[in-house]
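Listed here are the chains, written in short residue letters.
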Amino acid sequence: MTGASDEILLDVENVSLSFGGVRAITDVSFDIRRGEIRAIIGPNGAGKTSMLNVINGFYHPQEGRITYRGRTRARMKPHEAARQGVARTFQNVALFKGMTTLDNIMTGRSLRMKRGLFWQALRHGPALAEEIEHRRVCEEIIDFLEIEHIRRTPVGALPYGLQKRVELGRALAMEPELLLLDEPMAGMNLEEKEDMSRFIVEAKLQRGMTVALIEHDIGVVMDLSDRVLVLEYGRRIADDVPDVVKADPKVIDAYLGVGH
Amino acid sequence: MFYREAGQYKTTYAADMAIFPIRQDRWGLALILFVAFVVIPTFGGPFLLNTMMIPFLVLSLAAIGLNLLTGYTGLLSLGTGAFMGVGAYACYKLATWFPQVNILVWIVASGFVSAAVGVLFGLPSLRIKGFYLAVATLAAQFFLQWGFARAPWLVNYNDSGAIEVPRATLFGVPVTGPSATPVTRYLVVLTLVSIMAWLASNIVHGRIGRIWMAVRDMDIAAQLIGIRLLNAKLLAFAVSSFTVGVAGALMVFLWLGAAEPEAFNINLSFEILFIIIIGGLGSIVGAFFGATIMHLMPIALRALPAMIGLPIEAARVEQLTFMITGILIIVVLIAEPHGLARLWQTAKQKLRVWPFPY
Amino acid sequence: MDLFHAIFVDPFAQMISAPDLLAQTVWEGFVAGILYALIALGFVLIYKASGVFNFAQGIMMVFAALTLVGLNEKGVPAWIALALSVAVMYGLAVAIERLVLRPLVNQPDIILLMATLGITYFLIGFGELVFGGSPKSMITKQLYLPEGAINLHVLGGQVQLQKLDIAAAVIAMLMVAGLALFFQKTRIGRALRAVADDHQAALSVGISLNQIWVIVWFTAGVVALATGIFWGARSDVSFALQVVSLKALPVLILGGLTSVPGAIVGGLIIGIGEKLGEFYWGPLLGGGIESWLAYMIALVFLLFRPQGLFGEKIIERI
């Protein structure tokens, strides 16, 4: 994969996180460069999801520093992370189940819509113009993800694979700089995985997003990503381009157990 | 047969985003408005207007207000009655301080007072949710109701301790007080309720409504797409309490004509809550459905058996109303947790493709 | 300065200068607190076993007491009426399980909460329809509950303890102890705890959820009947008690939804707190603050400790 620049978008330095004495992440450092697809892999419980939660401010690490777009931060709230261009999907799909596909994706535009209560209540003039403008953006995303047919369906009624797609759509609608994807292909069949891979690559190439993704399917990871971070028990055990990581004996141990 | 959208193509997003995208729905709405604004005031007697239509509209408006908070934002409130009271007392104070200003101005302005109080009691909603928040709203209910009874200042130290609605006119026609005719009061209530229902419907169909529903469906995910939970919740409290407060002012000024603190007790809160449960959580039109059932049931229980010669005494009617309300709630929740509004949607969907199942 | 004095100095000076009055007030609060705790206890039982927030617990108390008195009024001897009331509570538990809980299984919590509001209204209407709406007095004498009062000459004055209240306190403690034994020692009790911990696991070891629900709702109903007898004896039996019974809700918040000790401690804090508040600070505000003080105590408390005194800390995961 190409397209990555040398500019560091996100720099994680010596981050440690624990919950009441239980260590989730221990002294992990890595960086994400603008325009790359960065994979984070590791066995279950390695701290991958916790790492994403630290990046978008949902958890606050006890130690370490995070520098995003050149600014180091002490504490950040999740909604602030969103305002600074970090979008996120979840392992167990965190959609708004009572709302339609279209409305879910439209919520991703909330931050970019400015009209206040007064115009909203009238739903004419500027508010309507704004609504139409953002509707157009969302329709493009819906086309892109090939989910036109479920535009009006409440997402709670959709099968898992489609929900994952809608969730990606909501994240794309935010037009983030950094897109965090937590197991975007879990539980999908081969065809669905191919579709999803295509969407991720296109998000990077066409929309210029930087992607960090957690994925268990090693084949997909090696195909998609520019660099791979490997975690085990909350520690970094490898961090390099896919071919090097694949051959690293520590990684093979972690995945197959020592003495394979 | 007639309910078909075939041939109605939408060529713009604006047309597709309309609140009533199907032509037959717009005709239906026009017909309802025609009946409400022309037919009923022309042919309706005082019983229809005073006992049925005005209370129905006021309760619907209060239910719309609560629905914004509970149905759309997912914050259960048991303090609606007290917030209606805030609106009513605020309107009374304002109207007696400045009698020269038109009463309609004060009815709307009282909504702002209620909104401010609502925001105050909504502040805990950042830290607590679900059932805990419901108990916090009970604090509002009992505290405010106590306040109404303990502050004679609220009713200008009058002897009765109740709000006594002063006479006020609009273009020379009395709209409040004993000399206002039922038709005038009905038209004023109808106009205000229609406008506010339209505004509420616009809000829930736009960005703010989506934010509220996002907070309701999954607050964590809402935060992660950049929504500030406290702002969203407080806005819901404010808009909801505003609507409820106006409903309270209308209730006293254009329906009851006088009100004691007891009028805003917890049973009123429950009644409004039941209207939205039965009518449909998260639906503006559901508030009207629910209010129809909750308000007409006791009237029907009084009138229908009397018609066939088996009158039921007043106490029995009340007991039966309680029982039936309870049963209705459970039946509705089992049959369709989204209430009558969802059944109506489903029925329309069926009609759209009738006689085919899909 | 006067205000400061009136709020922070005067009440305490009064407490010190008349310790007998203070003791009397605390005792009144203690008894009210025990009764709140009992309503909360029935609630905790149901919440633990079925995850249902039973808004109707307070009404079940009134309904049970009304059934007892109403049957007696219709000529049924007291002890038979008591047995019949227990049977009615069992029937109610079965009906609720069959007609409400079973069809609503797996619905969101808020739907179940609303369904219990429906049960509340149904019971109010049904109770009044069958037994009439006028307030009734509890049949204390027929149930051999003690009457009169004990006057203790202590603290430089006298403190009056109603024998009925003492009996209420004793029976409440016996009931809590009995429930604790039931949960620890009996097979059904252990099954109930298993369900509370993990519904799936309980199912997989062959415990019928439906049966469990009937048992807890019945147990909560019996607790409600006992509470109703004592509360009815202190005032009248009528659905006006509903407002009082709602005070079990702040108690729950204080104690945490799932904790039996929490319900008891919370009940006592609320009971004693509101009596002291009303007696010493109420006059400053024109009295009657008892109607909301409990909720305000709970609300302030919630802001600092949202999970309650004994509840577990909630760690949000995603």
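All of these numbers come straight from a predicted model, not from anything done at the bench.

Here is what the cut-offs are and how they apply
- Residues numbered from 1 in each chain as written.
- Chains lettered and ligands numbered in written order.
- Predicted model: local features only at pLDDT ≥ 70, side-chain atom pairs only at ≥ 80, totals over all residues.
- Helix = DSSP H or I, 4+ residues; strand = E, 2+ residues; numbered from the N terminus.
- Rg over C-alpha atoms; globule rule 2.2 N^0.38 Å.
- Buried ≥ 20, exposed ≤ 12 C-beta atoms within 10 Å, placed from the backbone.
- Pairing = 2+ DSSP bridges.
- Axes fitted to C-alpha atoms, helices over the stretch in contact; angles between N-to-C directions.
- Contact = placed C-beta atoms within 7 Å.
- Nonpolar A, V, L, I, M, F, W, Y, C, P; charged D, E, K, R; others polar.
- pLDDT = per-residue confidence, 0-100.
- Parallel < 35°, antiparallel > 145°, perpendicular 65-115°, else oblique.
- Core = buried A, V, L, I, M, F, W, Y, C linked by C-beta atoms within 7 Å.
- Domains from an automatic or database assignment.
- Expected span 1.5 Å × (residues − 1).

Draft legend 1. Molecular detail of the overall build of chain B. Across its full length, chain B holds 14 helices and 4 strands. For 358 residues, the compact-globule estimate of 2.2 N^0.38 gives 21 Å, and chain B sits close to it at 21 Å. Each principal axis of the C-alpha distribution contributes one length, and for chain B these read about 65 × 55 × 45 Å. Taken across its 358 residues, chain B has 48% of its residues classed as buried.

Draft legend 2. The sheet that holds strand E3 (residues 37–41) of chain A, seen in detail. Residues and elements named next belong to chain A. The 6 strands are arranged E6-E7-E8-E3-E9-E10 in an open sheet whose pairing can be described as mixed. Taken across any chain shown, the strands that pair with only one partner, and hence form the sheet edges, are strand E6 (86–88) and strand E10 (235–240). Here the average twist between neighbouring strands, direction ignored, is 15 degrees. Relative to strand E8 (residues 210–214), E3 runs parallel, the two sharing 4 bridges. Counted as the bridge partner of isoleucine 37 is valine 211 from E8. Along the sheet, helix H1 (residues 48–55) contacts E3, E6, strand E7 (178–182), E8 and strand E9 (227–232); its crossing angle with E7, the most-contacted strand, is approximately 150 degrees.

Draft legend 3. Highlighting the interface of chain B and chain A. Opposite the 25 residues of chain B that make contact, chain A presents 32 residues. It is helix H8 (residues 207–217) of chain B that contributes the most residues to the side of chain B that touches chain A, 7 residues altogether. Residue composition of the side of chain B that touches chain A, by class: 15 nonpolar, 6 polar and 4 charged.

Draft legend 4. Focus on the sheet that holds strand E5 (residues 71–73) of chain A. Residues and elements named next belong to chain A. The 4 strands lie next to each other as E2-E1-E4-E5, forming an open sheet whose pairing is antiparallel. Two strands lie at the open edges of the sheet, namely strand E2 (22–33) and E5, each paired on one side alone. For this sheet the average axis-to-axis angle between neighbouring strands, irrespective of direction, equals 20 degrees. Pairing geometry for strand E1 (residues 8–19) and strand E4 (residues 63–68), over 5 bridges, is antiparallel. Bridge pairing links leucine 10 to tyrosine 68 in E4.

Draft legend 5. Expanded view of the confidence of the model for chain A. Summary statistics for chain A give a mean pLDDT of 86 and a share of 96% for residues scoring 70 or more. When pLDDT is averaged over each helix and strand of chain A, the minimum, 79, is found for helix H10 (residues 249–256) of chain A and the maximum, 92, for helix H3 (residues 101–107) of chain A.

Draft legend 6. Representation of the packing of helix H4 (residues 80–97) of chain B against helix H11 (residues 266–279) of chain B. All names here are of chain B. Remark: H4 packs on H11, axes separated minimally by 6 Å, with the N-to-C direction vectors making an angle of 110 degrees. Relative to H11, the element H4 is oriented roughly perpendicular. Counted together, Thr80, Gly81 and Met84 of H4 and Ile266, Leu268, Ser269, Ile272 and Leu273 of H11 form the full contact between these two elements. Residues belonging to the contact of H4 with H11 are distributed by class as follows: 5 nonpolar, 3 polar and no charged.

Draft legend 7. Structural detail: the nonpolar core. Core analysis: the biggest nonpolar cluster contains 286 residues, and Val58, Leu250 and Ile329 of chain B together with Ala40 of chain C have the highest contact counts within it. Considering each element in turn, this core owes the most residues, 18 residues, to helix H10 (residues 229–256) of chain B. No fewer than three residues from each of domain 1 (1–85 + 178–260) and domain 2 (97–175) of chain A sit in this core. Ignoring anything within four residues of it in the chain, the contact list for valine 58 of chain B reads Val189, Ala247, Leu250, Met251 and Trp255 of chain B.

Draft legend 8. Representation of the interface of chain C and chain B within the structure. Contacts between the two partners involve 41 residues from chain C and, on the opposite side, 31 residues from chain B. Among the elements of the structure, helix H5 (109–131), helix H11 (248–255) and helix H13 (290–304) of chain C are those that each provide at least two residues to the side of chain C that touches chain B. Looking at the side of chain C that touches chain B element by element, the count peaks at 17 residues for H5 of chain C. Taken together, the residues of the side of chain C that touches chain B break down into 30 nonpolar, 8 polar and 3 charged.

Draft legend 9. Up close: the pairing of E4 of chain A. All names here are of chain A. Here 3 bridges tie E4 to E5, and the two strands are oriented antiparallel to one another. In the sheet register, isoleucine 66 faces E5, and the bridge partner there is arginine 73. Between E4 and the antiparallel strand that follows it, E5, lie 2 residues; arginine 69 among them carries a positive phi value of about 50 degrees.

Draft legend 10. A look at unusual backbone geometry. Residues and elements named next belong to chain A. Although it is not a glycine, aspartate 27 sits at a positive phi angle of roughly 50 degrees. Mapping aspartate 27 onto the fold places it in strand E2. Unusually for a residue other than glycine, arginine 69 sits at a positive phi of about 50 degrees. As for its position among the elements, arginine 69 is in the loop between E4 and E5.

Draft legend 11. Inspection of the domain arrangement of chain A at higher detail. All names here are of chain A. Taken domain by domain, chain A comprises domain 1 (1–85 + 178–260) and domain 2 (97–175). Computed from C-alpha coordinates alone, the two centres of domain 1 and domain 2 are separated by 27 Å. Across the contact, 9 residues belong to domain 1 and 9 residues belong to domain 2. Listed by contribution, the elements that provide at least two residues to the side of domain 1 that touches domain 2 are helix H2 (78–83) and helix H7 (190–207). A per-element tally of the side of domain 1 that touches domain 2 places H7 first, with 3 residues. Residue classes in the side of domain 1 that touches domain 2 are distributed as 6 nonpolar, 1 polar and 2 charged.

Draft legend 12. Examining the environment of alanine 341 of chain B more closely. Residues and elements named next belong to chain B. Secondary-structure assignment places alanine 341 in helix H14 (residues 339–353). Looking at alanine 341, the number of C-beta atoms within 10 Å reads 25, which means it is buried. Expressed as a C-alpha distance, the spacing of alanine 341 and glycine 279, which sit 62 residues apart in the sequence, is 5.8 Å. Apart from the residues within four sequence positions on either side, alanine 341 is in contact with Gly279, Gly280, Ser283, Val285, Gly286 and Phe289.

Draft legend 13. Layout of the packing of helix H3 (residues 46–72) of chain B against H11 of chain B. All names here are of chain B. At a minimum axis separation of 9 Å, H3 and H11 run at an interaxial angle of 75 degrees. Classed by the angle they form, the pair H3 and H11 counts as roughly perpendicular. Across the interface between the two elements, Leu59, Ala62, Ala63, Leu66, Asn67, Thr70 and Gly71 from H3 touch Ile272, Leu273, Ile275, Ile276 and Gly279 from H11. Tallied by class, the residues present in the contact of H3 with H11 amount to 8 nonpolar, 4 polar and no charged.

Draft legend 14. Molecular detail of the pairing of strand E1 (residues 149–152) of chain C. Residue and element names in this part refer to chain C. The sheet contact formed by E1 and strand E2 (residues 159–162) spans 4 bridges and is antiparallel. Across the sheet, the residue bridging to asparagine 151 is glutamine 160, located in E2. In textbook terms, the turn of a hairpin is the stretch between consecutive antiparallel strands, and for E1 and E2 this stretch comprises 6 residues, one of which, leucine 155, has a positive phi near 55 degrees.

Draft legend 15. Looking closely at the confidence of the model for chain B. When pLDDT is averaged along chain B, the result is 86, and 95% of the positions lie at 70 or above. Taken together, the chains of this predicted complex give a pTM of 0.90 and an interface ipTM of 0.88.

Draft legend 16. Representation of helix H9 (residues 209–234) of chain C in the model. Here H9 of chain C spans 37 Å end to end across 26 residues, near enough to the 38 Å set by a 1.5 Å rise per residue. Across the 26 residues that make up H9 of chain C, a large majority, 19, are buried.

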